[in-house]
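Reading the structure
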Amino acid sequence: MKCHCFSLAFLMCSKSALRAVAFLQHSRIEIPKRKFTSTRLLSKLTEADEKYLRLAVEYARHGLGNTFPNPAVGCVIVNAGEIIGKGFHPKAGMPHAEVFALLEAAGHLEDGIAASKSVLDHSGGSLLQLVTELSQQYLASGPDKLFSDLFAANDKTTTAYVTLEPCCHHGQTPPCTASLIKAKVDRVVVGFRDPNPRVDGGGFEMLKDAGISVVEASGSIKQDCANLVTNFVKRITPRDDTNYTITLNGSKRRALRSLAGRQKADNSLNEVMLSGRSGASVMNIGDDLEDAVARFFLDPSWLEATDDQLWNHELLLLRLNNAVNKKKGAKLLGQKIAENLNAHVVQVVGHTALLYRPSIPPRLDVEALTKGVDEKNASDN
C-alpha cells in the first residue's frame, strides 16, 4: 500500500507546474503581464452564472460512473447569453469536458454533448470517428491548431462554466488551462476547486496570470459540483492514517477474514462479480497467466462501481470465476484489481479475492478487531 505524504504531494505539484509551464512555452501561449490585485476569488455568481453552471452539472452527470480514475466534469461556454459550446468528460484518456465544449465552439463538432456520448455508446459511426481524429490531433499538437485565438475577436465576454477547476498538469491529455488560455476566453466560472495535489488552485493561478477573470462558486451549487467528485476526492487525497497504511500481518488478516466469515454467514458481506459481461476480456485456459493478467482489460465503469463499494463497505469479496479459469489466475487478477483500487488483498480462496480498504474516516477498527481475535484464540487455548 502506498503511503502518500506532504513531501510527495509537494513534489508532484512542483513537477506538474514545471510541465505545464513547459507546455505553455512550447505552445507559444503569450501570458499577459496584467494580474489581479486580489488573489481571492470572491466575485458573486449572477443568476445567469448559476443557470449555466447548473447546466454544466447536468452534463457532467452523463459521465458519472464511466471516468475512473478521473472525475466526472461538465462544461458550458457562453458568449452574449448564447451557449456556443458544451461537453462532458466521457472516460479517462479522452479529452476533458472543456475540450469538447471548445471543439463545438470552434465548429469542429456540431454538438459537444452528442460527441461526448458517442465515446460511451461504443456504437462506432462517423461521429465517433470524427471525435477520435480530433482527439488524436489534440493529443499530438495540443490546442494550437484547434483553438488558437478562438474568441479573440469577440466583442462580448466569453465565459466558460466548469464544474471542477481546470487541470494545469500533463496527464494522459494536455492541461485544459492551456486550451482555455489559447482560445482567449475572458472569464471562467468554476464550481469546485480541485483538491488533487497536482492542481489544487494551480489552474486558478494559471488562468489569472493569463488575464482571465476567475470566479469560484459557493453555496448549494458548489455542493452540487462537489457531489460529482466525491469518490475522486477520496482517491486523490493524501492519507497517513494508520488503518490505511498498515501492513496486513497474519493477525490482522485473520481478524479481517473472521469478520468476513461472520458477514458472509449473516448475508451482509458485500460481493462483486467480474466477468466478460462487466466489460472485461475472459482469460482462456491456455493463456500464459502473467501475460494474460497484464493484458486483462478492466472496464472503467466496473472499477468505478467497485471503488464505490469499497468506500461504502471497506471489505469486499470479488468473485472472479467467470473471468479466470485457474486459481493462480484469480490471485494475480485480484492483485491487479487491488492495485488499481489502492486496496489490500486480505486473502484469495479458489476463484475469490477478499479486498480491504478503509474509508474516510475508517469504519472498521482493525486494531480492535485483531485484539478481539487474539484474545479469543488465547482463551480457546
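As a starting point, this report considers the structure included with it. What you see is a predicted model, and the numbers here were worked out from it, not measured in a lab.

Burial analysis of strand E3 (residues 158–162) places five of its five residues in the buried class, which makes it a mostly covered element. Bridging between strand E1 (residues 74–79) and E3 involves five bridges; their strand directions are antiparallel. If you follow Val-78 over to E3, its bridge partner there is Thr-159. Relative to strand E4 (residues 187–190), E3 runs parallel, the two being bridged by four bridges. The residue bridging Val-162 from the neighbouring strand is Val-190, located in E4. Taken together, E3, helix H7 (residues 176–183) and E4 form a β-α-β motif whose crossover is right-handed.

Bringing helix H14 (residues 300–313) into the picture now. Over its 14 residues, H14 extends 20 Å from the first C-alpha to the last, a length consistent with the 20 Å expected when each residue adds 1.5 Å. Where the residues of H14 are buried, they touch helix H10 (230–236), strand E6 (271–273), strand E7 (315–319), helix H15 (327–341) and strand E9 (352–356). Backbone geometry just after H14 places Glu-314 at a positive phi near 70°.

Another point: the pattern of salt bridges. Summed over the entire model, instances satisfying the criterion amount to 14 salt bridges. With its nearest N and O atoms 3.3 Å apart, the salt bridge here joins Arg-193 to Asp-200. On the basis of relative accessibility, which here comes to 35%, the residue Arg-193 falls in the partly exposed class. In the salt-bridge network here, residues are joined through shared partners; they are Arg-235, Glu-304, Asp-307 and Arg-357.

What counts, and at which threshold
- Residues numbered from 1 in each chain as written.
- Predicted model: local features only at pLDDT ≥ 70, side-chain atom pairs only at ≥ 80, totals over all residues.
- Heavy atoms only, no water.
- Buried < 20%, exposed > 50% of the residue type's maximum accessible area, 1.4 Å probe, protein only.
- Helix = DSSP H or I, 4+ residues; strand = E, 2+ residues; numbered from the N terminus.
- Pairing = 2+ DSSP bridges.
- Right-handed = clockwise from strand over helix to strand, strands pointing away.
- Expected span 1.5 Å × (residues − 1).
- Contact = heavy atoms within 4.5 Å.
- Salt bridge = Lys/Arg side-chain N within 4 Å of Asp/Glu carboxyl O.

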